[in-house]
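Below, each chain spelled out in residue letters.
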Amino acid sequence: MPLQFYNTLTQKKELFKPIEKNLVKMYNCGPTVYNYAHIGNFRAYICSDILKRYLLYKGFAVKQIMNITDVDDKTIRDSQKEGLSLQEFTDKYTQAFFEDLEKLNIGRADVFPRATQHIHGIINLTKKLLDNGIAYQAKDGIYFSINKFKNYGKLSKIKLNETITGVRVKNDEYDKENAQDFALWKFWNEKDGDCVWESHFGKGRPGWHIECSVMAMQHLAEHFDIHTGGIDLIFPHHENEIAQSEAATGKKFVNYWLHNEYILVNGKKMSKSLGNFFTLCDLLTQGYKTRAIRYLLLSSHYRQQLNFTFQGIEAAEKVIEKFDIFFASLDEVKKRDNTVENEEIEKIIQRAKEQFEQAMDNDLEISQGLAAIFEFIRRINVLLSENKIGLKNAAAVVDFMKKIDSVLGVMHTEESVIPREIIMIAEEREKARKKKDFAVSDRLRKEIISKGYILDDTNTGYRLRKK
Ligand code: AMP
Ligand code: ZN
């Protein structure tokens, strides 16, 4: 089956075909940097990371842009509360965001453009929309007139005359022609303090939606392949991005819109406003591994809700342990002296590879992909216990697992590499054990544990893994 994605725009699965033959251009809505991101937010970034990694796995080149929203009501309000300049304040949380991305092994985008560095482009696009007659000036800002964009609602399927519920439409707060019109540029008011930029139409600051249109067009193209975000961004944010961009360029903005579902806690969306959130730091201080947290976030399909529970992370910890033990067992084959190559292994690898790709090609059905990998591990473990895996076989299995891990990013990381120092102690201990010098053997085993590793005795020797 060729690669397919569910496109929010058409509400069906579609074959994926990039505009340029081999290069995929992708934009991900990034964080508003006014606080630490919670793991609900990281689900969105893990989903786009898995998407990017799978595109790379399939042989595409990917250009990925993720914006940093560093000016809006919340960043202005909280920087003032902390007595910091907007830049000092947002730099702090941008840095924290990058550190968390790295810990979660989320690959970096090619560019992380910031809204405040694109004010010029935002002013130009606003001017273009004013010149086109699609935007208009009100008392407190420049607004986009959604009635003038005939395809408004094509992404979210919202009908203009229906009341929009659950969305903050501040009808009485602004001097707008239509309650649903949205601000491209907000004129300065005293709450903004010194967060202000000059423009042809009056000093002020950008509205939220326009930054993504500008940054996507500047760093990718006026028409590009994939745009992602959580489902809460479909309306109004992405609907408005389409309206502004297409009204300005006359071109289709994006071909494929992919949206991830929420992480829930007790049935409710994990969110800052409900206070039911966990940051990465919260979970790490409770002793959970970053690889387990990553695994938990990626292991269910991106369009399905994921209920966050501590049993869920504990189950993920067990999976990580299973991967580590598998790699350690494969490594152990090197210590066997009577290994024979098994001709079946290539076929078993090929079958697992096909099943994994079939699942992932089908709109990134990762749980089915993972099921194929677990079945593969189970079969190889049986062969390992029967001593039916040769040296070359073990190397081929490791290569295959690494290839799969180029998509998953949870297996063969630094964390699971055993340092040489620990291997040397384990070798010393093995010698002592063979000589039946149990006092030395016990002491060395304790030393290994005190350094954060576990040594298991097996029927062919020993196996090391990280605690
Ligand atoms: P924000 O910083 O609030 O704009 O959110 C950043 C990204 O996280 C957006 O793509 C949101 O849709 C996504 N997001 C926020 N909360 C959750 C959640 N509980 N589960 C999944 N994604 C979320
Ligand atoms: Zn955006």
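Just so it is clear, the model here is predicted, and its values are computed rather than measured.

Take the domain arrangement of the protein next. In terms of domain boundaries, the protein breaks down into domain 1 (16–283), domain 2 (321–408) and domain 3 (420–466). Between domain 2 and domain 3, the buried area comes to about 670 Å², and carbon and sulfur atoms account for 48% of it. Linking domain 2 with domain 3 are one salt bridge, by the criterion used here. The residue glutamate 321 makes a salt bridge to arginine 465 at a minimum N-O spacing of 3.1 Å. Connecting domain 2 to domain 3 are three residue pairs in polar contact (both at pLDDT 80 or more). Here the residues of the side of domain 2 that touches domain 3 sort into two nonpolar, one polar and four charged.

Attention now moves to the site of ligand 1. Near ligand 1 you find 17 residues, and of these Gly40, Gly230, Asp232, Ile263 and Met270 are the closest. One of the backbone N or O atoms of glycine 230 is found 3.0 Å from an oxygen atom in ligand 1. Within the backbone of methionine 270, one N or O atom sits 2.8 Å away from a nitrogen atom of ligand 1. Coverage of ligand 1 by the protein amounts to 90% of the 490 Å² it exposes when considered alone. Those elements that place two or more of their residues in the shell around ligand 1 are α1 (39–57) and β9 (224–230). The residue makeup of the shell around ligand 1, split by class, is seven nonpolar, seven polar and three charged.

Turning to the coordination of the zinc ion (ligand 2), a few remarks are in order. Only Cys29 (SG), Cys212 (SG) and His237 (NE2) from the protein coordinate the zinc ion (ligand 2), and they sit 2.0 to 2.2 Å from it. Ordering the donors of the zinc ion (ligand 2) by residue number gives the pattern C-x182-C-x24-H. Of this pair, cysteine 29 sits in the loop between β3 (23–28) and α1 while histidine 237 sits in helix α6 (residues 234–249), placing them 208 residues apart in sequence. On the basis of relative accessible area, cysteine 29 is assigned to the buried category, the value being 8%. Histidine 237 sits in the buried class, given a relative accessible area of 1%.

Reading guide: rules and limits
Residues numbered from 1 in each chain as written. Chains lettered and ligands numbered in written order. Predicted model: local features only at pLDDT ≥ 70, side-chain atom pairs only at ≥ 80, totals over all residues. Heavy atoms only, no water. Domains from an automatic or database assignment. Buried area = accessible area lost by both parts, 1.4 Å probe. Salt bridge = Lys/Arg side-chain N within 4 Å of Asp/Glu carboxyl O. Polar contact = N/O pair within 3.5 Å; in protein donor to acceptor, adjacent residues only side chain to side chain. Nonpolar A, V, L, I, M, F, W, Y, C, P; charged D, E, K, R; others polar. Near = heavy atom within 4 Å. Areas by Shrake-Rupley, 256 points an atom, 1.4 Å probe, with all protein chains shown as cover. Helix = DSSP H or I, 4+ residues; strand = E, 2+ residues; numbered from the N terminus. Donors = N, O, S within 2.8 Å, 3.2 Å for Na, K, Ca; no water. Buried < 20%, exposed > 50% of the residue type's maximum accessible area, 1.4 Å probe, protein only.

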